[in-house]
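# Overview (structure and organization)
Okay, here's what each chain looks like letter by letter:
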Amino acid sequence: MFTSDRTATLNSIPPQLSSHDRILIAAKHLFARGGYENTSTVAIAREAGTSESQLMKHFGSKQGLLSAILDRGWQRISERIHMAQLNAATPDKLFGVFEAVAIELEKDPELKDLMMLEARRVRKDNTDVLLSHGFREFSNLIDHLLVDMRNEGLLRDQVVAKRSAVHANYGLDDVRKVLGILIPAFNAGSLQEAKASK
């Protein structure tokens, strides 16, 4: 079974691609199938039809290769997010972000496996958690949207309060308290879903 699976992968990598792109395709497949820790750079180079020295030249290390794969995935997600952001209200923008992630990961099951299982794991040879550049940009986008939503909501409440008998007497500390209640509730819901699926 392993041989036929490997042959299928080699046949699916167009030979006219650069060694850089062939390595990315082969590594994504092998990391998703066997895990990052269990995949050697020699196996990746063999799968890509190139040499281990080419892999090192392009990516520097196995961890650099995983970062490049994740960054390429985040780039596609970011492109979809930017399209969804055009002319959308702030709450719709946030929904668009999560929808973009879900759509792209559904389209690419290997990327989904890597992002869910390998992207933010502490490596045995490194005390750092791998956070790719693309993930950091995604994180910054979410932070920015949440700040916009908070500011837009606070400003709207203040404008409405001026025009009606509604009082918008709250500040940032009150918003933090609400988030302090909501976030643990979301986490508890996720834990219950995980237990129910077992």
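All values derive from a computational prediction rather than experimental measurement.

## A look at the side chain of Lys62
Tracing the backbone shows Lys62 in helix 5 (residues 62-85). Buried charged residue Lys62 carries no salt bridge. Nearest counter-charge: Glu37, at 5.2 Å. At 2.8 Å, the side chain of Lys62 forms a polar contact with the backbone oxygen of Tyr36. Beyond its immediate sequence surroundings of up to four residues, Lys62 is in contact with Phe31, Tyr36, Glu37, Thr39 and Thr41.

## Observations concerning helix 5
Over its 24 residues, helix 5 runs 34 Å from end to end, which matches the ideal 34 Å to within 8%, given 1.5 Å per residue. For helix 5, the side-chain oxygen to backbone nitrogen distance between the N-cap and Gln63 is 3.4 Å, and the N-cap itself is Ser61. Downstream of helix 5 by a residue or two, Asn87 has a phi angle that is positive, lying close to 55°.

## What about the pattern of salt bridges?
Close approach of charged atoms lets side chains of opposite charge pair. This model, assessed by the stated rule, comprises 7 salt bridges. Residues Arg76 and Glu104 are paired through a salt bridge, measuring 3.6 Å at the closest nitrogen-oxygen approach. Placement of the pair is Arg76 in helix 5 and Glu104 in helix 6 (residues 90-107), with a sequence separation of 28 residues. Judged by relative accessible area, which is 30%, Arg76 ranks as partly exposed. A relative accessible area of 5% means that Glu104 is categorised as buried.

Criteria and thresholds
Residues numbered from 1 in each chain as written. Predicted model: local features only at pLDDT ≥ 70, side-chain atom pairs only at ≥ 80, totals over all residues. Heavy atoms only, no water. Helix = DSSP H or I, 4+ residues; strand = E, 2+ residues; numbered from the N terminus. Buried < 20%, exposed > 50% of the residue type's maximum accessible area, 1.4 Å probe, protein only. Lys, Arg positive; Asp, Glu negative; His and termini not counted. Salt bridge = Lys/Arg side-chain N within 4 Å of Asp/Glu carboxyl O. Polar contact = N/O pair within 3.5 Å; in protein donor to acceptor, adjacent residues only side chain to side chain. Contact = heavy atoms within 4.5 Å. Expected span 1.5 Å × (residues − 1).

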